[in-house]
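# A structural walkthrough
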Amino acid sequence: MEAVIAVFALLFVLFLVLGTYAAVKAVGAAKRGVDRTITQARRTVEDHTLRAKSFAQPGAAGELAQLRLKLRTSMRATQDALHAGVAEDESLKESLGLFERLSAHGHELDGELKRLEAEPDRTTLAERLPALRERTERIVQSADALRWAARDRARRFADDDLDSLSTQIDVEAGALRHWTKAEPAQTPPPWPEAPAADAGASRQTWPEGRRSGSAEEPARPAITPPGRRPAYPWQKKPRPESTT
């Protein structure tokens, strides 16, 4: 009895642990989903704000917004392209590692540009803009190079596969068109004629059907004589013909 109670207690504890683990995993997944949604929404708002500032604010402030928008757009596009390609091409892992190192410089530059947006000394800001513009261009060019290299590699693989497929289809199409002329059908030999009994016998080989009125079956009269007709009880007896 004690062993049964111990087994039930162990099962209860096991189910409790599994339930807690599943609940924690579900909460973590939900939290990560919410975080991704919030991050994406915040990023969208920031991009729209930067786009508005680049058009609305003149001078150094508007150029800072343009640099940030250009940097963020290029880095995000490269990140999406590499993450999508590494699932199909393992050789992109090295490129993804290089991009992670480049992302560190990109985040540092984006943070510096964001802090400079609130800089009140516009003169000093204008002096530093050329160096900031050069750093932005270098990072953007590197990110673009990685992105286009990954796309060119994927396109090259697709072209090679298409060329191989086209060659196989051409070979198969040629094999399907390579037919031989069919030999003409031979005329079957005629049925052998039955041996003639005499010179005046018919040449027909198949027997004829019975003809009505032949000697084998006498012809039936068209009208049955009165004496042979069947008598029915409701019929009147025939009267004798009068001689007078």
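Residues numbered from 1 in each chain as written. Predicted model: local features only at pLDDT ≥ 70, side-chain atom pairs only at ≥ 80, totals over all residues. Heavy atoms only, no water.

### Things to note about the overall build of the chain
Condition: Under the DSSP-based scheme used, a helix requires at least four consecutive residues in state H or I and a strand at least two consecutive residues in state E, with every element numbered from the N terminus. Contacts are residue-level and defined by heavy atoms, with any inter-residue pair within 4.5 Å sufficient. Note on areas: these come from Shrake-Rupley sampling with a 1.4 Å probe, and a residue is covered only by the protein chains present in the view.
Counting its secondary structure elements, the chain contains four helices and zero strands. Mapped in sequence order, the helices and strands of the chain form the string α-α-α-α. In the chain, 66% of the contacts between residues at least 6 apart in sequence involve partners at least 24 apart. As displayed, the chain has an accessible area near 20,600 Å², and 59% of this comes from carbon and sulfur atoms.

### Thoughts on the side chain of Thr78
Selection criterion: As used in this structure description, the phrase polar contact means that two N or O atoms lie within 3.5 Å; if the pair is within protein, one of them must be able to donate a hydrogen and the other to accept it, and residues adjacent in sequence are counted only when both atoms belong to side chains.
Relative to the helices and strands, Thr78 resides in helix α2 (residues 59–86). At 2.9 Å, the side chain of Thr78 and the backbone oxygen of Ser74 are in polar contact. In contact with Thr78, other than residues within four places in its own chain, are Phe99, Ala143, Asp144, Leu146 and Arg147.

### Describing the nonpolar core
Note the cut-off: In plain words, nonpolar cores are sets of buried Ala, Val, Leu, Ile, Met, Phe, Trp, Tyr and Cys residues tied together by side-chain atoms within 4.5 Å. Accessible area is worked out with a 1.4 Å probe on protein chains only. A residue is then buried under 20% of its type maximum, exposed over 50%, and partly exposed in between.
Within the largest apolar cluster, 22 residues are counted, with the highest numbers of intra-cluster contacts made by Leu64, Leu71, Met75, Leu109, Leu113, Leu132 and Ile139. Elements with a contribution of two residues or more to this core: α2, α3 (92–116) and α4 (122–177). The leading source of residues in this core is α4, at eight residues. Leu71 has contacts with Gly106, Leu109, Asp110, Thr136, Ile139 and Val140, leaving out every residue within four places of it along the chain.

### A closer look at the packing of aromatic side chains
By convention here, two paired aromatic rings are described through the distance between centres and the angle between planes. What counts here: Here the aromatic set is Phe, Tyr and Trp, taking the six-membered ring for Trp, and pairing holds for ring centres within 6.5 Å; pairs whose planes are under 30 degrees apart are stacked, those over 60 apart are edge-to-face, and all others are tilted. The criterion for a charge sitting over a ring is simple: Lys NZ or Arg CZ within 6 Å of the ring centre, and within 35 degrees of the ring normal.
In the structure shown here, the tally under the stated rule is zero aromatic pairs. The aromatic ring of Trp148 is capped on one face by Arg151, whose charged end is 5.1 Å from the ring centroid.

### As for the pattern of salt bridges
Inclusion rule: When a carboxyl oxygen of Asp or Glu lies within 4 Å of a side-chain nitrogen of Lys or Arg, that pair is called a salt bridge.
Across all of its chains, the model carries 12 salt bridges by this definition. Residues Arg133 and Glu63 are paired through a salt bridge, measuring 2.3 Å at the closest nitrogen-oxygen approach. Linking Arg133 in helix α4 with Glu63 in helix α2, this pair joins segments that are 70 residues apart in sequence. Residue Arg133 is classed as partly exposed on the basis of its relative accessible area of 32%. Glu63 gets classed as partly exposed once you look at its relative accessible area, which sits at 21%. Two residues, Asp110 and Arg68, come together in a salt bridge whose shortest N-O distance is 3.0 Å. Highlighted residues: Asp110 in helix α3 and Arg68 in helix α2, separated in sequence by 42 residues. Both residues of the pair, Asp110 and Arg68, count as buried.

### So, the side chain of Ser74
Relative to the helices and strands, Ser74 resides in helix α2. If near-sequence neighbours (up to four positions away) are discounted, Ser74 is found in contact with Val140, Ala143, Asp144 and Arg147.

### Describing a nonpolar patch on the surface
Counted only if it meets this: Each patch is built from residues lacking any salt bridge and having more than 30% relative accessible area; the joining distance is 9 Å for like charges and 5 Å for nonpolar side chains (Val, Leu, Ile, Met, Phe, Trp, Tyr).
Together, Val7, Leu11, Leu14, Phe15 and Leu18 make up an exposed nonpolar region whose accessible area comes to about 480 Å². Tracing the chain through its elements places Val7 in helix α1 (residues 2–56).

### Quick look at the packing of α2 against α4
Using the following cut-off: Axes here mean lines fitted to C-alpha atoms, for a helix over just the part in contact, with angles spanning 0 to 180 degrees between N-to-C directions. Oblique is the label for every angle not falling under 35 degrees (roughly parallel), over 145 degrees (roughly antiparallel), or within 65 to 115 degrees (roughly perpendicular). Crossing handedness follows the turn of the near helix against the far one: under a right angle anticlockwise gives a left-handed crossing, and clockwise gives a right-handed one.
Direction vectors running N to C along α2 and α4 enclose 20°, while the axes themselves pass 9 Å from each other. By the criterion of interaxial angle, the relationship of α2 to α4 is roughly parallel. α4 is crossed by α2, and the crossing has left-handed handedness.

### Quick word on the environment of Leu102
By secondary structure assignment, the location of Leu102 is in helix α3. A relative accessible area of 14% means that Leu102 is categorised as buried. Sequence separation between Leu102 and Ser142 is 40 residues; the distance between their C-alpha atoms is 8.0 Å. Once you skip the residues sitting within four places of it in the chain, Leu102 turns out to touch Met75, Ile139, Ser142 and Ala143.

### A few points about the environment of Glu137
Here Glu137 is to be found in helix α4. Relative accessible area serves as the criterion here: at 28%, Glu137 is assigned to the partly exposed category. In this structure the C-alpha to C-alpha distance between Glu137 and Leu71, which are 66 residues apart in sequence, comes to 8.2 Å.

### Some remarks on α4
Formally: Expected span of a helix: the number of residues minus one, times 1.5 Å.
Between its first and last C-alpha, α4 extends 78 Å over 56 residues, near the 82 Å set by a 1.5 Å rise per residue. Leu125, Leu129, Leu132, Thr136, Ile139, Val140, Ala143, Leu146, Arg147 and Ala150 are the residues of α4 that are buried. Among the structural elements, α2 and α3 are those in contact with the buried residues of α4.

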